[in-house]
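Residues per chain, in single letters:
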Amino acid sequence: QDNEEDLHNFPVSELIKNSGSYPAFSTPAKPVSVKLPLKLAQKVGNPTCYSSVAATKGFYGTDKSTAIGNSYVCYRPDGGREGKWVAGQIRYIFDYQGAMTMAITRSKTYVGPTPDPFAQYVAAEFEARTVCCSFSRDYDIVAMDQILGHAARWELSSEVAVVLCLGRVSVINGIPY
């Protein structure tokens, strides 16, 4: 049973004051027993798998975790710091060639009767995109340094979703920018 007194003594002012700082997720990744799909296992072998791993702001998890929102990410499939990012969902996290790596399925590209309404704002650094709700069946093998950050995902219909790359979102004086 919750102790009501704990809620009254919760340091809300501390939470607000530190809302812009996010310490790295400190719980070490715990190995889990997972059988990889054959197509993926042929690429990466039989690595040690994990259900979650530390991120700069919180943690990344797989689509099977209880915090499914932590499985939505934006990343650059070709690596590097420049170029277009894609949105996807982490399906597997594993140690591959000595580095924490993820198998991610990309959000399918939106092809609709009208152009992506968010495309005009990308140059102004509002990094949102319209995508399909479904994901590719192929896996991108993605190193941690290719991930820009979490993605906020809103399904507008059974076919269309909007993703916002949260990798550049900051909190200044309690207001997200």
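Look up: the structure comes first, before these words.
For the structure given in this document, a descriptive report is provided here. (Residues numbered from 1 in each chain as written. Predicted model: local features only at pLDDT ≥ 70, side-chain atom pairs only at ≥ 80, totals over all residues. Heavy atoms only, no water.)

1. A look at the overall build of the chain
In step 1: From N to C terminus, the chain includes three helices and 13 strands.
In step 2: For the chain, the residues scored as buried account for 36% of the 177 residues in total.
In step 3: In the chain, the share of contacts with a sequence separation of at least 24, taken over all contacts with a separation of at least 6, comes to 58%.
In step 4: Accessible area of the chain: about 11400 Å², with a carbon and sulfur share of 54%. (Helix = DSSP H or I, 4+ residues; strand = E, 2+ residues; numbered from the N terminus. Buried < 20%, exposed > 50% of the residue type's maximum accessible area, 1.4 Å probe, protein only. Contact = heavy atoms within 4.5 Å. Areas by Shrake-Rupley, 256 points an atom, 1.4 Å probe, with all protein chains shown as cover.)

2. A few points about the environment of Cys 74
In step 1: Position of Cys 74 among the secondary structure elements: in strand β5 (residues 72-75).
In step 2: Note: C-alpha distance between Cys 74 and His 150 (76 residues apart in sequence) is 6.2 Å.

3. Focus: the pattern of salt bridges
Two side chains with opposite charge may pair up if their charged atoms get near one another.
In step 1: Under the defined criterion, the tally for this structure stands at five salt bridges.
In step 2: Between Lys 64 and Asp 63 there is a salt bridge, with the nearest N and O atoms lying 2.8 Å from each other.
In step 3: Residue classification places Asp 63 among the buried residues on the basis of a relative accessible area of 19%.
In step 4: What emerges from the salt-bridge pattern is a single network uniting Asp 63, Lys 64 and Arg 91. (Salt bridge = Lys/Arg side-chain N within 4 Å of Asp/Glu carboxyl O.)

4. Quick look at the packing of aromatic side chains
Aromatic ring pairs: the centre-centre distance and the angle between the two ring planes describe each pair.
In step 1: On inspection of all chains with the given rule, the structure shows four aromatic pairs.
In step 2: Taking 6.5 Å as the distance between ring centres and 10 degrees as the angle between the ring planes, the aromatic pair formed by Tyr 72 and Phe 135 counts as stacked. In this pair, Tyr 72 is assigned in strand β5 and Phe 135 in strand β8 (residues 128-135), connecting sequence segments 63 residues apart. Residue Tyr 72 shares its accessibility class with Phe 135, and that shared class is buried.
In step 3: Directly above the aromatic system of Phe 135 lies the positively charged group of Arg 91, at a separation of 5.1 Å from the ring centroid.
In step 4: The cationic tip of Arg 129 hangs over the ring face of Trp 85; the distance from NZ or CZ to the ring centre is 3.9 Å. (Phe/Tyr/Trp six-rings, centres within 6.5 Å; stacked < 30°, edge-to-face > 60°. Lys NZ or Arg CZ within 6 Å of the ring centre and 35° of its normal.)

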